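# Close look at the chain arrangement
In case you want the letters, here they are:
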Amino acid sequence: MKLSTYNFLTSVAIKGVKVGFPLKLTINKKEVVESEFNPTFVERILPKLDWSAVYGAAQVAELTEDIPAVQPENIVENELLLQKLHHLLFEIDVLEGQLECPETGRVFPISDGIPNMLLNEDEV
Amino acid sequence: MARRPEHSAPPEIFYNDDEAKKYSTNTRIIEIQVEMAERALELLALPDDDESRLILDIGCGSGLSGSVLEDSEHMWIGIDISKSMLDIAVEREVAGDVILGDMGEGMPFKPGTFDGAISISALQWLCNADKSYHNPHKRLLKFFTTLFSCLTRTARAVFQFYPENSDQIEMVTSQAMKAGFYGGLVVDYPNSAKAKKYYLVLMTGGSAELPQALGSPEEERRVNYIKKRDACREARGKAPKKSRDWILAKKERRRRQGLETRPDTKYTARKRSGKF
């Protein structure tokens, strides 16, 4: 699972959950996968991201030095920051870990890089 | 015709390791899947500006339709209920991220995430109740409402699916409209038993026209019903004999020839009464 996907995942499908975002991420095993840097796509995806979740992901991935805590102005002109964002969001692959719902504490395991968002009968 | 897979078992059981591997290595299946994915991407009607977009692939399986999205330079996130299929996707090292999840439980994504959504051969599984607490209508509604919220404004969702009968089509489309979608069904090659394909095209906003289906007859090929044979002659440019138009044309011709001709009146071409 890429950290960009983590930024989009919620547990809103669980009964009783209103927002379910951001999920608490725990990384037990991760991998760095090289991919081509596309500044245009990073620019386009930024409005969809929640910066606090991006920074939270950076903290869990131990990359807090690269990402500022508050979203800076004119990110588009900061090529270096765009590259670091690309590395954080698209090149870090979480293989083992878990996602926890902030409202119910429900844990979704991540195995082989695949988050398991299946729910039980009483949660639907 | 082979038995429908949704009658055999739920999708997470039907697509076990053997079936998933078989599905992903059969060249005929791969060919059809890619063809349908390309058509679905075409129906998505994304703006032609060479921009990379984030697409949701519902029922992505082993990533066959995701490959089509990759070839079109799009980013994609896939969700499927079959762990075996997703394992093959990971094994193939697909570019998109894959998530294990049930369509009928709702899409676990933030609002306004995706620029579009496609689904190949997955929606019909929602029409069956595989567990005692499953209600197909409720599951479809939950799926469509959560999908509606995680699409951006003006985004589209295109589903290729295999409806068992018209009741299933009605159930699917009514739940989609109830969730807030516009759109309808596009049937490619409706007259062919083999090539016929159903695409549910859903739009989140605006009043765009439904796209044209492939292979539908362009024009009428039957002879129009004609009550009178006389009307045929007008097609040749001549009025029927003894009619007023015919007589007027005759008198005009005689005037051009310089012959003596009586003037046209309102009585022209009328029958004489018995008095004469």
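Residues numbered from 1 in each chain as written. Chains lettered and ligands numbered in written order. Predicted model: local features only at pLDDT ≥ 70, side-chain atom pairs only at ≥ 80, totals over all residues. Heavy atoms only, no water.

With an unreviewed UniProt entry as reference, chain B is termed 18S rRNA (guanine-N(7))-methyltransferase, source organism Drosophila melanogaster. We quote the UniProt Sequence similarities (unreviewed entry) comment for chain B here in full: "Belongs to the class I-like SAM-binding methyltransferase superfamily. BUD23/WBSCR22 family." A UniProt comment under Subunit (unreviewed entry) is attached to chain B, and it reads "Heterodimer with TRMT112; this heterodimerization is necessary for the metabolic stability and activity of the catalytic subunit BUD23. Interacts with GRIP1." (UniProt positions renumbered as here; feature names shortened; annotations may be inferred.)

UniProt lists chain A under the name Multifunctional methyltransferase subunit TRM112-like protein, from Drosophila melanogaster. UniProt annotates chain A under Function (literature references left out) with the comment "Acts as an activator of both RNA and protein methyltransferases (By similarity). Together with methyltransferase Mettl5, specifically methylates the 6th position of adenine in 18S rRNA." Turning to chain A, the UniProt annotation filed under Sequence similarities states: "Belongs to the TRM112 family."

As a further point, take the interface of chain A and chain B. If you look at the interface, chain A gives 29 residues, while chain B gives 32 residues. Here chain A and chain B share an interface that buries about 2,600 Å² over both sides, 59% of which is from carbon and sulfur atoms. On the chain A side of the contact with chain B, F8, K48 and I114 of chain A bury the most area, a combined 24% of that side's loss. Counting the contacts that link chain A with chain B gives 1 salt bridge. Taken together, the links from chain A to chain B amount to 10 residue pairs in polar contact (both at pLDDT 80 or more). When contributions to the side of chain A that touches chain B are tallied by element, the ones reaching two or more residues are α1 (3–8), α2 (39–45) and β4 (114–115) of chain A. Considering only residue class, the side of chain A that touches chain B consists of 15 nonpolar, 8 polar and 6 charged. (Contact = heavy atoms within 4.5 Å. Buried area = accessible area lost by both parts, 1.4 Å probe. Salt bridge = Lys/Arg side-chain N within 4 Å of Asp/Glu carboxyl O. Polar contact = N/O pair within 3.5 Å; in protein donor to acceptor, adjacent residues only side chain to side chain. Helix = DSSP H or I, 4+ residues; strand = E, 2+ residues; numbered from the N terminus. Nonpolar A, V, L, I, M, F, W, Y, C, P; charged D, E, K, R; others polar.)

All names here are of chain A. With antiparallel pairing, the 4 strands of this open sheet are ordered in space as β1-β2-β3-β4. Lying at the two open borders of the sheet, with one neighbouring strand each, are β1 (24–32) and β4. Here β1 pairs with strand β2 (residues 92–100) via 8 bridges, running antiparallel. Each residue of the ladder has a partner; that of I27, found in β2, is G97. (Pairing = 2+ DSSP bridges.)

Turning our attention to helix α4 (residues 79–91) of chain A. With 13 residues, α4 of chain A extends 17 Å between its outermost C-alpha atoms, agreeing within 8% with the 18 Å of an ideal straight helix rising 1.5 Å per residue. Taken together, the buried positions of α4 of chain A are occupied by L81, L82, L85, H86, L88, L89, F90 and E91 of chain A. (Expected span 1.5 Å × (residues − 1). Buried < 20%, exposed > 50% of the residue type's maximum accessible area, 1.4 Å probe, protein only.)

Glancing now at the nonpolar core. Core analysis: the biggest nonpolar cluster contains 72 residues, and L123, F144 and L147 of chain B have the highest contact counts within it. Ranked by the residues each element gives to this core, the list is headed by α4 of chain A, at 6 residues. Leave out the neighbours within four places in its chain, and L123 of chain B touches M103, L140, F143, F144, F159, F161, V172 and L200 of chain B. Membership of the second largest hydrophobic core comes to 25 residues, among which are I55, L86, V186 and V201 of chain B. (Core = buried A, V, L, I, M, F, W, Y, C linked by side-chain atoms within 4.5 Å.)

Further remarks concern the pairing of strand β7 (residues 197–203) of chain B. All names here are of chain B. Most of β7 is tucked away, with 7 of its 7 residues classed as buried. Burial along β7 is two-sided: K197, Y199, V201 and M203 facing one way and Y198, L200 and L202 facing the other are all buried. In this structure, strand β6 (residues 182–188) lies alongside β7, joined through 7 bridges in antiparallel fashion. Within the sheet, the bridge partner assigned to L185 lies in β7 and is L200.

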